[in-house]
Amino acid sequence: KTLINKLVIVDGQPGCGKTMLSPIISSFKRVELISYAFEVEFISRLYKFKKISKDAAESMIKMLTDQKIYQTMMGRDVNFRIQDISSIFNYHNPDKYLKRIYDKGDETIPNKIKINKPILNFTTHDMLYYSDILFESLNNKLFFIEVVRHPLYMLNQQTLNMERLINNPRDIQLSFRFNNKDIPYFVKGWEQDFLSSNDVDKAILTIYNLSKKNSIKRKKIKSKKNYLLIPFEDFVTNPNIYINKILKGLSTSFSKNTKKILKQQKIPRKKISDSISLDIYKRCGWKPSKTNINEIDELKLRRDFALKNKASDKAMNILDKLSKDYEKEYMKNKL
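None of these values were measured; they are calculated from a predicted model.

1. Thoughts on the packing of aromatic side chains
Right, on to step 1. Taken as a whole, this structure holds 13 aromatic pairs when the rule is applied.
Right, on to step 2. Aromatic pair Tyr185 and Phe186: ring centres 5.3 Å apart, planes at 85°, arrangement edge-to-face. Of the two residues, Tyr185 and Phe186, neither departs from the other in class, the shared state being buried.
Right, on to step 3. Taken together, a centroid distance of 6.3 Å and an interplanar angle of 45° make the contact between Phe235 and Tyr242 tilted. We note that Phe235, like Tyr242, is buried.
Right, on to step 4. An aromatic cluster is built from Phe49, Tyr129, Tyr130, Tyr185 and Phe186, whose rings are joined through pairwise contacts.

2. Some thoughts on the pattern of salt bridges
Right, on to step 1. One pass over the structure, following the stated rule, counts 13 salt bridges.
Right, on to step 2. Across the pair Asp132 and Lys217 runs a salt bridge whose closest N-O atoms are separated by 2.8 Å. Linking Asp132 in helix 6 (residues 132-138) with Lys217 in helix 9 (residues 199-221), this pair joins segments that are 85 residues apart in sequence.
Right, on to step 3. The shortest N-O distance in the salt bridge between Asp182 and Arg177 comes to 2.8 Å.
Right, on to step 4. Looking at Asp182, the relative accessible area reads 42%, which means it is partly exposed.

3. Observations regarding the layout of surface pockets
Right, on to step 1. In this structure, the second largest pocket spans a volume of roughly 670 Å³.
Right, on to step 2. Lining the second largest pocket we find 29 residues, and of these Ser211, Ser215, Arg218, Tyr326 and Tyr330 sit closest to its centre.
Right, on to step 3. Sorting the residues of the lining of the second largest pocket by element identifies strand 4 (142-148), helix 7 (151-164), helix 9 and helix 15 (313-330) as the ones contributing at least two each.
Right, on to step 4. Residues belonging to the lining of the second largest pocket are distributed by class as follows: 13 nonpolar, five polar and eleven charged.

4. Some thoughts on the sheet that holds strand 4
Right, on to step 1. Read across the sheet, five strands follow the order 2-3-1-4-7 without closing on themselves; strand pairing throughout is parallel. On the outer flanks of this sheet lie strand 2 (31-36) and strand 7 (227-231), each paired with one strand and no other. Ignoring strand direction, the axes of neighbouring strands in this sheet form an average angle of 20°.
Right, on to step 2. Pairing analysis gives five bridges linking strand 1 (residues 6-11) to strand 4, with the strands arranged parallel. Note that in strand 4 the partner of Leu7 across the bridge is Leu142.
Right, on to step 3. With respect to the sheet, helix 1 (residues 18-26) is in contact with strand 1, strand 2, strand 3 (119-123), strand 4 and strand 7, its orientation differing from that of strand 2 by roughly 150°.

5. Some words on the nonpolar core
Right, on to step 1. The biggest cluster of nonpolar side chains holds 84 residues, and the ones touching the most others in it are Leu21, Ile25, Phe144, Ile145, Phe235 and Ile246.
Right, on to step 2. Aside from chain neighbours lying at most four places away, what touches Leu21 is Val10, Ile145, Val147, Ile230, Phe235 and Ile246.
Right, on to step 3. Counting five residues, the second-largest nonpolar core is a separate cluster that includes Leu33, Val78, Tyr91 and Tyr97.

Calculation notes
Each chain has its residues counted from 1, running along the sequence as written. pLDDT decides what is reported in this predicted model: residues at 70 or higher carry local features, side-chain atom pairs at 80 or more are listed and counted, and totals for whole chains, interfaces and linings draw on all residues regardless. The side-chain numbers reported here are obtained from all heavy atoms of the structure, hydrogens and water having been left aside. Aromatic pairs are defined between Phe, Tyr and Trp rings, using the six-membered ring for Trp, whenever the two ring centres lie within 6.5 Å; interplanar angles under 30 degrees are classed as stacked, those over 60 as edge-to-face, and all others as tilted. For the exposure calls, accessible area comes from a 1.4 Å probe over protein chains only, and a residue counts as buried if that area is under 20% of its type's maximum, exposed if over 50%, partly exposed in between. One speaks of a salt bridge when a side-chain nitrogen belonging to Lys or Arg is within 4 Å of a carboxyl oxygen belonging to Asp or Glu. A run of H or I in DSSP becomes a helix once it reaches four residues, and a run of E becomes a strand once it reaches two; helices and strands are each numbered from the N terminus. Two kinds of site are reported from a 1 Å grid over the protein atoms alone, namely cavities, where a 1.4 Å probe fits but cannot get out, and pockets, open sets with protein on both sides within 12 Å along at least five of seven lines, and residues are called lining when an atom falls within 4 Å of a point. Grid points are joined across faces, edges and corners, and a volume is the space filled by probe spheres set on the points. Polarity classes work like this: nonpolar for Ala, Val, Leu, Ile, Met, Phe, Trp, Tyr, Cys and Pro, charged for Asp, Glu, Lys and Arg, and polar for all others, with Gly in that last group. Strands pair, by our definition, only if DSSP identifies at least two bridges between them. Lines are fitted to the C-alpha atoms to define the axes, a helix being fitted only along its stretch in contact, and any angle between axes, read from their N-to-C directions, falls within 0 to 180 degrees. Note on contacts: a residue pair qualifies if any of its non-hydrogen atoms lie within 4.5 Å across the two residues. Remark: nonpolar core denotes a set of buried residues (Ala, Val, Leu, Ile, Met, Phe, Trp, Tyr, Cys) joined through side-chain atoms within 4.5 Å.

Quick look at the structure:
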């Protein structure tokens, strides 16, 4: 027997726009506030690397998702840090979580879950390639959303990640040993290129290799009813078609606060780069868009970032090819 009713996962590479979409989804009826599901990420990757068995991985994912909805409904494991995106104070109805602290819990929780049908809301990091075990463990209780974005818009954040997180105790993530060095899990298969590259080249090669793996996986699962691909550029300018698909996939609807949250996120936008100003975005390299330039010039500015950071000719060729392919696939009539 399981407790979980429904789980929505918003996934994508660093800098793809997950934290724009997740608050919008959390504004829908019955959807809980954002939660970062690192334990589920660890298990899925360990299974992919054949470090744990399938039955163990499935059991742990089921237990962790049940435990998460149980704790959330009890008012436990809830983020109270005011500035965090996943804080209750950035949820459209903080009183919902404050009230749970005083409500009856324990044996009353399973019945509350059965009656209220809450929807867990996980934000994950580049999980598509490792998602097989999630789909098999949760079946139709899972609704998996992949957000993709132009590589030039992800480059700044991923370069800063290489500079600030690699070989840093704060980077609590899977790694493996290669030539007596700790290497991030996502470098498997191109270790030597990673070790010989500067930070911006590492970021470009990471985007390239993750995109290649995800493209292969996407072709295999795109027909699943509980999978949805969302190109960032199309969503922020024309959101309704995707919002309707999400509502249908979660069997829910707008709350009285959804329009307010859409407005806060500047959705829809006239210009793709018109993001909101948050401290976390600034720490990840975000800068406000320039009012006097068009979309093509915005992309040129981000390409110049690669050149200023001494990207190699090889990496620039890869970046240009990635950009061209992405624009052809997802940005027709946007530029």
